[in-house]
Amino acid sequence: MKIGLLGGAFDPIHNGHLFIAEGARQEMELDRVVFVPTGEGHHRSAMLASRADRAAMVRLAIAANPYFALDETDLADDATGYTADLIARLAPRYPGDTFAFIVGGDSLVRSRWERLDEVLEQVEHFVIAPRDDITESDLARALEGQAPHLQAKVRLLDLPRIAESATLVRTRLAAGRNARYLIPEPVHHYLTDRRLYLA
C-alpha cells in the first residue's frame, strides 16, 4: 500500500490538517493517510496539550474518514522526535508499504530540519502542502544541497492555501473567543469539556 504520513504537534488538530490529508490522499493516490502526532518538537515551543489529549483529539477528528488512521509511535517515551528516526521506526510496522511524507511548506521553510536527506531517502515521495506566503522559490532554497535523486521525490500539492492554524485556534481560545468551525466538531466539544488552551 501507499501510505501518507502526516506528522505534527496537532496541538490541536484543525480542519486545515484534514483538508491537506484528504487532498494529498487523492492527488497522490494514497491508500491511507496516517496521522503521527509528535511527543517532542525540536523546532517549536513545548506543547500545551498533553500527549494523551492530542492523540484523543486526532482520533476524534479522523473517525469519520475510513482512509485516515492514527499512529502513536512518536508519542512513546523513547521517541526522539526526529522525522528520520520516526520513519525508520514505522517501516517495520508497515512491511512492504511505501511512504509519502506530507508536510506544510511553512514547516519546511521556517523550521530547521535535521537530517532531511535521511528523511528523503526513506520515502517514495516528500509531499508539500502550500501554506501561508511560502513561494516555490522559498521551497527550492530549503531543498538546496539535496542530491538530485532526492529532490526528484518532492511534490507540491495543487491545493488552495489554508488559513487555519493551531496557533490561531490556541490564540482565540486563550482570549476566551470562539474557535468553532476552525476545528472538527468532536474536537471542539473535547477541548471545551476539558477546558484546554484557556489562559
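Residues numbered from 1 in each chain as written. Predicted model: local features only at pLDDT ≥ 70, side-chain atom pairs only at ≥ 80, totals over all residues. Heavy atoms only, no water.

The next thing to look at is the overall build of the protein. If you tally the helices and strands in the protein, you get nine helices and six strands. For 199 residues, the compact-globule formula gives about 16 Å, and the C-alpha radius of gyration of the protein, at 16 Å, lands near that figure. Taken along its principal axes, the extent of the C-alpha atoms in the protein is 50 × 35 × 30 Å. Of all 199 residues assigned to the protein, the portion counted as buried reaches 50%. (Helix = DSSP H or I, 4+ residues; strand = E, 2+ residues; numbered from the N terminus. Rg over C-alpha atoms; globule rule 2.2 N^0.38 Å. Buried < 20%, exposed > 50% of the residue type's maximum accessible area, 1.4 Å probe, protein only.)

Here the focus is the pairing of strand E5 (residues 125-129). In terms of burial, E5 is largely enclosed, as five of its five residues are buried. Sheet topology places strand E4 (residues 98-104) next to E5; five bridges connect them, and they run parallel. Residue pairing across strands places Gly104 opposite Ala129, the latter belonging to E5. Looking at chain direction, E5 and strand E6 (residues 154-156) are connected through three bridges and run parallel. Bridging from a neighbouring strand, Val127 pairs with Arg155 of E6. (Pairing = 2+ DSSP bridges.)

Right, let's get into the sheet that holds strand E3 (residues 68-70). Taken together, the six strands give an open sheet; going across it, the order is E3-E2-E1-E4-E5-E6, and neighbouring strands pair in parallel fashion. Taken across any chain shown, the strands that pair with only one partner, and hence form the sheet edges, are E3 and E6. Taken over all neighbouring pairs, the strand axes of this sheet differ in orientation by 30 degrees on average, direction set aside. Here strand E2 (residues 32-37) runs beside E3; their pairing, made up of three bridges, is parallel. Pairing of Val33 across the sheet is with Phe68, part of E3. Along the sheet, helix H2 (residues 51-62) makes contact with E2 and E3, crossing E3 at roughly 165 degrees. (Axes fitted to C-alpha atoms, helices over the stretch in contact; angles between N-to-C directions. Contact = heavy atoms within 4.5 Å.)

Axis separation between H2 and helix H9 (residues 185-193) bottoms out at 8 Å; the angle between their running directions is 150 degrees. One element, H2, and the other, H9, form an angle in the roughly antiparallel class. As for the relative orientation of H2 and H9, their crossing is right-handed in sense. Between H2, through Asp53, Ala56, Met57, Leu60 and Ala61, and H9, the contact on the second element is made entirely by Pro186, Val187, Tyr190 and Leu191. A class-by-class count of the residues in the contact of H2 with H9 yields eight nonpolar, no polar and one charged. (Parallel < 35°, antiparallel > 145°, perpendicular 65-115°, else oblique. Left-handed = near helix turned anticlockwise from the far one by under 90°. Nonpolar A, V, L, I, M, F, W, Y, C, P; charged D, E, K, R; others polar.)

This part takes up the side chain of His17. Within the secondary structure, His17 sits in helix H1 (residues 15-27). In contact with His17, other than residues within four places in its own chain, are Leu6, Phe10, Pro12 and Phe35.

Moving on to H2. Over its 12 residues, H2 extends 17 Å from the first C-alpha to the last, a length consistent with the 16 Å expected when each residue adds 1.5 Å. Looking at the packing, one finds that the buried side of H2 touches H1, E2, E3 and H9. (Expected span 1.5 Å × (residues − 1).)

Counted under the stated rule, the structure contains 10 salt bridges. Linking Asp77 and Arg51 is a salt bridge whose minimum nitrogen-to-oxygen distance equals 3.7 Å. With Asp77 in the loop between E3 and helix H3 (83-90) and Arg51 in helix H2, this pair connects stretches of sequence that are 26 residues apart. Its relative accessible area of 78% is what places Asp77 among the exposed residues. By relative accessible area, Arg51 is classed as partly exposed at 31%. The salt bridge involving Asp138 is made with Arg141; its shortest N-O contact spans 2.5 Å. Of the two residues, Asp138 and Arg141 are both situated in helix H6 (residues 136-142); the distance of three residues between them amounts to about one turn of the helix. One salt-bridge network, in which partners are shared between bridges, spans Asp85, Arg115 and Glu118. (Salt bridge = Lys/Arg side-chain N within 4 Å of Asp/Glu carboxyl O.)

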